[in-house]
Amino acid sequence: MKAFINALLGFKNGEKKLNLEGGVLGVVNAYYGCVEAQGRGTLHCHMMVWLEGGLNPNKIKERVLQNGDTEFRDRLISFLDSTISNCIPQDPDPKLSIPASTHHPCSVRGLGTSTSDIDISILRQKDLHHLVTSCQLHRHSKTCFKYWKGPPEPKECRFDLDEKNVREKTEFDMETGEISFRSLDGLVNNFNDTILQCIRCNMDVKFIGSGPAAKAIIYYITNYITKSQLKTHVAFAALELAVKKLGEIDPNDDKVTIRAKKMIQKCAYSMISHQELSAQQVASYLMDYEDHFTSHQFRNLYWTSFESFINKEDPSPECY
């Protein structure tokens, strides 16, 4: 992840000035990413990236709708279309063989050296074709419809991926300010060509710009990066305290105190027994790898205490 942030995003941690040369997405002003384990235990990162000069949704709508800045609108659409792809690149030569043709694209390191006499652009397109087909092309499974209640409700993929979801070009609604993104293949997750060819694993990239979709994406990502998950070291610290307290035998302890000590031990064991840790997570903790990545430092906000103080100072009964 550090190599991704440094080389692909072009953000140099520790430097006071921004890297104006930028990265794949442009000049990065800030980022925040949280590492999470999926159901099968594989670690993956959800990351938000702020670009220098990027406008919030309200500013974008104001500039285009109220000020009539169509040049800005066209440049924004051009940037999005050049940065985000969502279709399988055409195979330039079915007879051409590269490492990704005979092995899984994620298991090889790019193009290899045996095809050095062939145009590099053709080789890259061939490699990208295999990567998108293997990593980005969605194939429906039971998971897609696990929330489907059956007829008469329509059977729709919960990831909103369907071959009918096709839009030839990105459009900006001049009445609502909502951006409808280009979708050349409804079954292909959004990706960036360069990032996909470098990291060689599945990805999804979205622009948070306007409309209900922006709110949904903000909620989705914020929900991930702010999840309250009991850390392993916290659980074991609690267990250590419970064992220590239980071991402190005092003949003068009454029954209530003894029961309290046993309750502490039970709570500690209960916390640990409810932890879902995959082998990858265990290895990550043992290797002291980071579970989040951020460009800035933050102060803790104890929300419960803060909310109680605000409610006490300025009650809002209509919110409850």
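Look above for the structure.
Residues numbered from 1 in each chain as written. Predicted model: local features only at pLDDT ≥ 70, side-chain atom pairs only at ≥ 80, totals over all residues. Heavy atoms only, no water.

(A) Broad picture of the pattern of salt bridges. As enumerated under the stated definition, the model contains eight salt bridges in all. Its salt-bridge partner being D127, residue R200 comes within 2.8 Å of it at the nearest N-O pair. One end of the pair, R200, is in the loop between α6 (193–199) and α7 (211–225); the other, D127, is in helix α5 (residues 120–136), with 73 residues separating them in the sequence. The pair R200 / D127 is uniform in exposure class, with both members buried. (Salt bridge = Lys/Arg side-chain N within 4 Å of Asp/Glu carboxyl O. Helix = DSSP H or I, 4+ residues; strand = E, 2+ residues; numbered from the N terminus. Buried < 20%, exposed > 50% of the residue type's maximum accessible area, 1.4 Å probe, protein only.)

(B) Up close: the packing of aromatic side chains. Using the criterion set out here, one finds two aromatic pairs in the structure. Pairing F11 with Y31 gives two aromatic rings, centres 5.3 Å apart and planes at 85°, and the pair type is edge-to-face. Placement of F11 in the loop between α1 (2–8) and β1 (28–37) and of Y31 in strand β1 is noted, with a sequence separation of 20 residues between them. Pair check on accessibility: F11 and Y31 agree, each one buried. Consider the rings of F181 and F207, whose centres lie 6.3 Å apart with planes at 75°: the pair is edge-to-face. With F181 in the loop between β4 (179–180) and α6 and F207 in the loop between α6 and α7, the pair connects residues that are 26 residues apart, well separated along the chain. Sitting above the plane of the F72 ring, R63 keeps its charged end 4.3 Å from the centroid. (Phe/Tyr/Trp six-rings, centres within 6.5 Å; stacked < 30°, edge-to-face > 60°. Lys NZ or Arg CZ within 6 Å of the ring centre and 35° of its normal.)

(C) Looking closely at the side chain of N190. Structurally, the position occupied by N190 is in the loop between β4 and α6. Within the structure, the side chain of N190 is placed 3.3 Å from the backbone oxygen of V205, a separation counted as a polar contact. Setting aside chain neighbours within four positions, we find N190 in contact with I84, S85, N86, Q136, M203, D204, V205 and K206. (Polar contact = N/O pair within 3.5 Å; in protein donor to acceptor, adjacent residues only side chain to side chain. Contact = heavy atoms within 4.5 Å.)

(D) Layout of α5. Its 17 residues give α5 an end-to-end C-alpha distance of 23 Å, which sits within 8% of 24 Å, the value for a rise of 1.5 Å per residue. All of the buried residues in α5 are L123, K126, D127, L128, H129, H130, L131, V132, C135 and Q136. (Expected span 1.5 Å × (residues − 1).)

(E) Structural view of the nonpolar core. One finds I5, F191 and L196 to be the most contacted residues of the largest nonpolar core, which totals 20 residues. Mapped by element, the contributors of at least two residues to this core are α1, β1, α5 and α6. When sequence neighbours within four positions are dropped, the list of residues in contact with I5 reads G10, F11, N13, Y31, M47 and F293. Ranked by size, the runner-up nonpolar core spans eight residues in total, among them L76, I77, F172 and I179. (Core = buried A, V, L, I, M, F, W, Y, C linked by side-chain atoms within 4.5 Å.)

(F) Spatial organisation of a nonpolar patch on the surface. Taken together, the side chains of L301, W303, F306, F309 and I310 define a hydrophobic patch exposed on the protein surface, amounting to about 530 Å² of accessible area. With respect to the helices and strands, the residue I310 is situated in helix α11 (residues 303–313). Since its relative accessible area comes to 37%, I310 is described here as partly exposed. (Patch = residues over 30% accessible without salt bridge, like charges linked within 9 Å, V, L, I, M, F, W, Y side chains within 5 Å. Areas by Shrake-Rupley, 256 points an atom, 1.4 Å probe, with all protein chains shown as cover.)

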